[in-house]
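Breakdown of the fold
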Amino acid sequence: MTASPNSRKGTLSPEVPPVPIAGAGATAALLVVLFGSFMDLLDATIVTVAAPAIARDLGAGDAQIQWTIAAYTLALGAGLITGGRLGDQYGRKRLFMIGLAGFMLTSALCALAANPAMLIGMRAAQGLTGGIMVPQVFGIIRASFAPGERAKAFGAYGAVQGLASVAGPLLGGLLVEADLFGLGWRTIFCINVPVSVLALVIGAKVLPESRSASTARLDLAGALLAATGILLLLLPIIQAETWGWTWGSYALLAAGIVVLAIFLAYERRLTGRGNEPVFDPALLRIRAFTVGLAASVLFFGGLGSYFLTLSIYLQNGTGRTAWEAGLVILPYALGSIVTSGLGVALAAKAGRTLLIAGSLTIAASHLVLWYVVKDGDDPGYWLLALALFIGGLGLGLAAPILVNVVLAGVPGRNAGAAGGVLSTVNQIGGAAGIAVLGTVFFTSVTGSSAGAPVLPDYSHALGIVLIVSAALYLITALVMLALPKAAAEHAE
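Definitions and limits used
- Residues numbered from 1 in each chain as written.
- Predicted model: local features only at pLDDT ≥ 70, side-chain atom pairs only at ≥ 80, totals over all residues.
- Heavy atoms only, no water.
- Helix = DSSP H or I, 4+ residues; strand = E, 2+ residues; numbered from the N terminus.
- Contact = heavy atoms within 4.5 Å.
- Axes fitted to C-alpha atoms, helices over the stretch in contact; angles between N-to-C directions.
- Parallel < 35°, antiparallel > 145°, perpendicular 65-115°, else oblique.
- Left-handed = near helix turned anticlockwise from the far one by under 90°.
- Nonpolar A, V, L, I, M, F, W, Y, C, P; charged D, E, K, R; others polar.
- Expected span 1.5 Å × (residues − 1).
- Polar contact = N/O pair within 3.5 Å; in protein donor to acceptor, adjacent residues only side chain to side chain.
- Phe/Tyr/Trp six-rings, centres within 6.5 Å; stacked < 30°, edge-to-face > 60°.
- Buried < 20%, exposed > 50% of the residue type's maximum accessible area, 1.4 Å probe, protein only.

Examining the side chain of Arg92
Mapping Arg92 onto the fold places it in helix H3 (residues 92–111). Those residues in contact with Arg92, other than ones at most four positions away along the chain, are Gly87, Gln136, Gly139, Ile140, Ala143, Glu209, Ser210, Arg211 and Ser212.

A closer look at the packing of helix H2 (residues 62–90) against helix H8 (residues 220–238)
Between H2 and H8, whose axes approach to 11 Å, the crossing angle comes to 160°. Comparing their axes, H8 and H2 come out roughly antiparallel. Along this stretch, H2 crosses H8, giving a crossing that reads as right-handed. On H8, the residues touching Ala63, Gln66, Trp67, Ala70, Leu74, Ala78 and Thr82 of H2 are Leu220, Ala223, Ala227, Ile230, Leu231, Leu234, Leu235 and Ile238. Residues that form the contact of H2 with H8 fall into these classes: 13 nonpolar, two polar and no charged.

Describing helix H4 (residues 116–144)
Over its 29 residues, H4 runs 41 Å from end to end, which matches the ideal 42 Å to within 8%, given 1.5 Å per residue. A distance of 3.3 Å separates the backbone nitrogen of Ala117 from a side-chain oxygen at the start of H4, and that oxygen is part of Asn115.

A closer look at the packing of aromatic side chains
Considering all chains together, one arrives at nine aromatic pairs under this definition. An angle of 70° between the planes, with centres 5.1 Å apart, marks the rings of Tyr306 and Phe307 as edge-to-face. For the pair formed by Tyr306 and Phe307, the shared burial category is buried. An aromatic cluster of at least three residues, connected via ring pairs, comprises Phe299, Phe300 and Tyr473.

A few points about the environment of Gly59
In this structure, Gly59 sits in the loop between helix H1 (23–58) and H2. Take Gly59: its relative accessible area is 56%, and that puts it in the exposed class. With 57 residues separating them in the primary sequence, Gly59 and Pro116 have C-alpha atoms 7.5 Å apart. Setting aside anything within four residues of it in sequence, one finds Gly59 in contact with Ile54, Gln64 and Pro116.

Spelled out as structure tokens, the structure:
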């Protein structure tokens, strides 16, 4: 076969043109790729509820619990853009199947973890395989469905995301509480294995293959530099309670900044040579994009740490079981489902207004929750549920449309690259939030009591996190004032 004449330098692959699919085959293919997307979000949230059980069973410290969650989101973010490029070049079906098989294997290894270090390592590997699998979901839908069916497919994708947000805390709590075969928290990873096998068998038969005509060299060096720089920045923050702030901690922070500066210089030089970088520094000259990066980091930075600290407060502080903690968190997911449809429907007219309203609503929910926990007593289910439901309403207004509103200020030719970077930054923001606010929480819990922490200690620590995060969302709302007024029409 002859490579596309439009291909750039590199190892060339023949283009596989998209073949629209319909009928039962399309339904089966959609179910397979949506399963991959469901597993990704489920595994990002399910561990939060299981965190106290993991800590007890493996003897994990506070920093190790933070890494168990942050390692997944950070590795996922690091792999998203490169995973998308791999699918474009070598075939989206092929990369989806490889990613799914890797996700299955790393899930099994997470379940077999004998110590915290092994679990953290396998969670990072699981995130990387997710970074290979998840981008293919969008690529397969765009390439293989006719325009009319594509809109329905993306609608189903949104519904699955909402379902995963509900299922995560509930399923995590249920599996930990059920203690199937005496496996306890390990079942949250075991469950991925048999379902993945089924998806692999069906996917091999029904998924169509497609790839892009562009075969530019992969910017693996850029991806590695970016991941290294971010890791160097997060490492001393998460380890602050264990290491303290020594000269070594500040040296790591400085090294992270230097590596990220090298990354930007390398990407600029790569662009000058006509190659495709992981991140095009020219995007930083687009005002809407730079503001959007700041808004994304701030917005998603509060979410991961919020659920981690809340889950530990509910279980270690108030004495609730993992299942009961999942039931407390459920109203948040329900609230987001209530408003997410409204947000998507009005995004083309009032996207910025919805983003600001969502951020302010989340800030208000954190202040309400602070008020109900500040006295150091267990406030009971309904007061907790009310505060969480309000937060979910805010999340549903803002989270589904944030990227599309940012892309409204980005030229259409740059929308794909900008969207990939924004999706990556969302994951990095979540990991950074776990690092910073998680450290604040754990330091406060252990520092407020000479003996074993009790409910007032957890209440005090959660209260600090809530006040800080409420301020964070108020700042986010102010930053969002500089975003475009409405969502982009060219973004899916």
